[in-house]
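# A look at the structure
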Amino acid sequence: MPYLRVTCAPLSAERKAEVARALTEAVNLLFFSPRGGPSREELRERTTVHFAESRDEDLYIGGRTPRERGRVDLTVELSDWNMGARRQRRVARHLTPVLARLFGVGPGDVDGINLRFHSYPPRDFAVGGRLLSDQVPWIGQFLKARGG
């Protein structure tokens, strides 16, 4: 159940929808496993993209706004259960160019794209009043952690 919180400059509703669709598809490609787990459609329906917009005067780095620095600052927080370091590296490697394309960030400015990972055990998340650990068989939890 990937959750992405995108902190960025304000976007139009149409642009948000376009970015959300592209990020959902990118995450679907990165998180789908043919070894088991949710189908592509189930994964798509469980992926959440949440925009947290910030105006230029809301964000300072080194005491200057991104505009004063002449740089984009984009942060995506990605939460999902049992994400291991291998999966985090893979996500960072593949999601950064997608974000650069979506937000018009040039190759020399990708260090303004930040990914923050929040991995949690399935016992720390509930859906519909039931812990994820009670909904996902132990073997599924093991395979996801191992493949992660």
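Just so it is clear, the structure is predicted and the values come from calculations on it, not from any experiment. (Residues numbered from 1 in each chain as written. Predicted model: local features only at pLDDT ≥ 70, side-chain atom pairs only at ≥ 80, totals over all residues. Heavy atoms only, no water.)

Our focus in this paragraph is the overall build of the protein chain. Counting its regular elements, the protein chain contains six helices and six strands. Listed by position from the N terminus, the elements making up the protein chain come as β-α-α-β-α-β-α-β-β-β-α-α. For the protein chain, the spread of C-alpha atoms along the three principal axes comes to 50 × 30 × 25 Å. By residue count, 36% of the 148 residues in the protein chain fall in the buried class. Total accessible area computed for the protein chain in this model is approximately 8,600 Å², and 52% of it derives from carbon and sulfur atoms. Here the protein chain contributes 24 positively and 18 negatively charged side chains, and the mean placements of these two sets differ by 8 Å. (Helix = DSSP H or I, 4+ residues; strand = E, 2+ residues; numbered from the N terminus. Buried < 20%, exposed > 50% of the residue type's maximum accessible area, 1.4 Å probe, protein only. Areas by Shrake-Rupley, 256 points an atom, 1.4 Å probe, with all protein chains shown as cover. Lys, Arg positive; Asp, Glu negative; His and termini not counted. Charge placed at Lys NZ, Arg CZ, Asp CG, Glu CD.)

Right, let's talk about the sheet that holds strand E3 (residues 74-81) for a bit. Strands sit in the order E2-E1-E3-E4 across an open sheet of four strands; the sheet is mixed. The sheet is open, and its two edges are formed by strand E2 (48-53) and strand E4 (113-120), each paired on a single side. Pairwise comparison of adjacent strand axes, ignoring direction, gives a mean angle of 15 degrees for this sheet. As judged from the eight bridges shared by E3 and E4, these two strands associate in the parallel manner. Counterpart to Val76 in the pairing with E4 is Leu115. Packed on one face of the sheet, helix H1 (residues 13-31) meets strand E1 (3-8), E2 and E3 and runs near 135 degrees to E2. Across the sheet, helix H4 (residues 85-103) is in contact with E1, E3 and E4; its angle to E4 comes to roughly 140 degrees. (Pairing = 2+ DSSP bridges. Axes fitted to C-alpha atoms, helices over the stretch in contact; angles between N-to-C directions. Contact = heavy atoms within 4.5 Å.)

Function cannot be read off these values alone, since they describe shape.
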